Amino acid sequence: MKVHLKRLNNDFHFVTTNERGDEVHLDNKSAENPQGSSPMDLLLRGIAGCSGIDIVHILKKQNLELTNLEMDVEGYRDPNAIPKVFEKIDLQIKLEGDLPENKARRAVDLSLEKYCSVAKMLEKTAEIKYEVFLNGTQI
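Quick word on the packing of aromatic side chains
Stage number 1. The tally for this structure, following the rule as stated, stands at zero aromatic pairs.
Stage number 2. The lysine or arginine in question, Arg 77, covers the ring of Phe 86, its NZ or CZ lying 5.9 Å from the ring centre.
Stage number 3. When the ring centre of Tyr 76 is taken as reference, the NZ or CZ atom of Lys 88 above it lies at 5.4 Å.

See the structure below:
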């Protein structure tokens, strides 16, 4: 796995490109007009994407199809710490579809507690908590 970074302006706007040519723009969140995600923002996006892929994969292996998956992720950092690592991450995972509650919940549990590489890395510094909703009801 490789990523290339190139600076695009005289401040903090960068573009990163992976081996497939996919681009992601990065910027300092406190810049006047940020042109991309902050590196810490990308970590939250990473746990959401990693877990989302796991959940879909696990349910597909059971021949269960989601009609929708949405996730809200919030990270908390101590503003006085250096470095300002995430100390806590909360996820709200919203699944929709004709799914048994136990299988929906199990797919999320397996993702965040066993398979999601991003979650496993982040749990070394952050407490990760999550809630699961199926068709609008918390399970």
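Still to come is the rest of the account.
Quick word on the sheet that holds strand E7 (residues 137–138)
Within a sheet, each strand pairs with its neighbour through backbone hydrogen bonds, oriented either parallel or antiparallel.
Stage number 1. In spatial order, the strands read E4-E5-E6-E7; together these four strands make up an open sheet with mixed pairing. Strands at the two margins of the open sheet, each flanked by one partner only, are strand E4 (68–77) and E7.
Stage number 2. Along the sheet, helix H2 (residues 101–115) makes contact with strand E5 (86–96) and strand E6 (127–134), crossing E6 at roughly 160°.

A short note on helix H1 (residues 39–61)
Stage number 1. Along its 23 residues, H1 runs 33 Å from first to last C-alpha, staying within 8% of the 33 Å computed at 1.5 Å per residue.
Stage number 2. Along H1, the positions that sit buried rather than exposed are Leu 44, Ile 47, Ala 48, Cys 50, Ser 51, Gly 52, Asp 54, Ile 55, Ile 58 and Leu 59.
Stage number 3. Along its buried surface, H1 packs onto E4, E5, H2, helix H3 (117–122) and E6.

The rules behind each value
- Residues numbered from 1 in each chain as written.
- Predicted model: local features only at pLDDT ≥ 70, side-chain atom pairs only at ≥ 80, totals over all residues.
- Heavy atoms only, no water.
- Phe/Tyr/Trp six-rings, centres within 6.5 Å; stacked < 30°, edge-to-face > 60°.
- Lys NZ or Arg CZ within 6 Å of the ring centre and 35° of its normal.
- Pairing = 2+ DSSP bridges.
- Helix = DSSP H or I, 4+ residues; strand = E, 2+ residues; numbered from the N terminus.
- Contact = heavy atoms within 4.5 Å.
- Axes fitted to C-alpha atoms, helices over the stretch in contact; angles between N-to-C directions.
- Expected span 1.5 Å × (residues − 1).
- Buried < 20%, exposed > 50% of the residue type's maximum accessible area, 1.4 Å probe, protein only.

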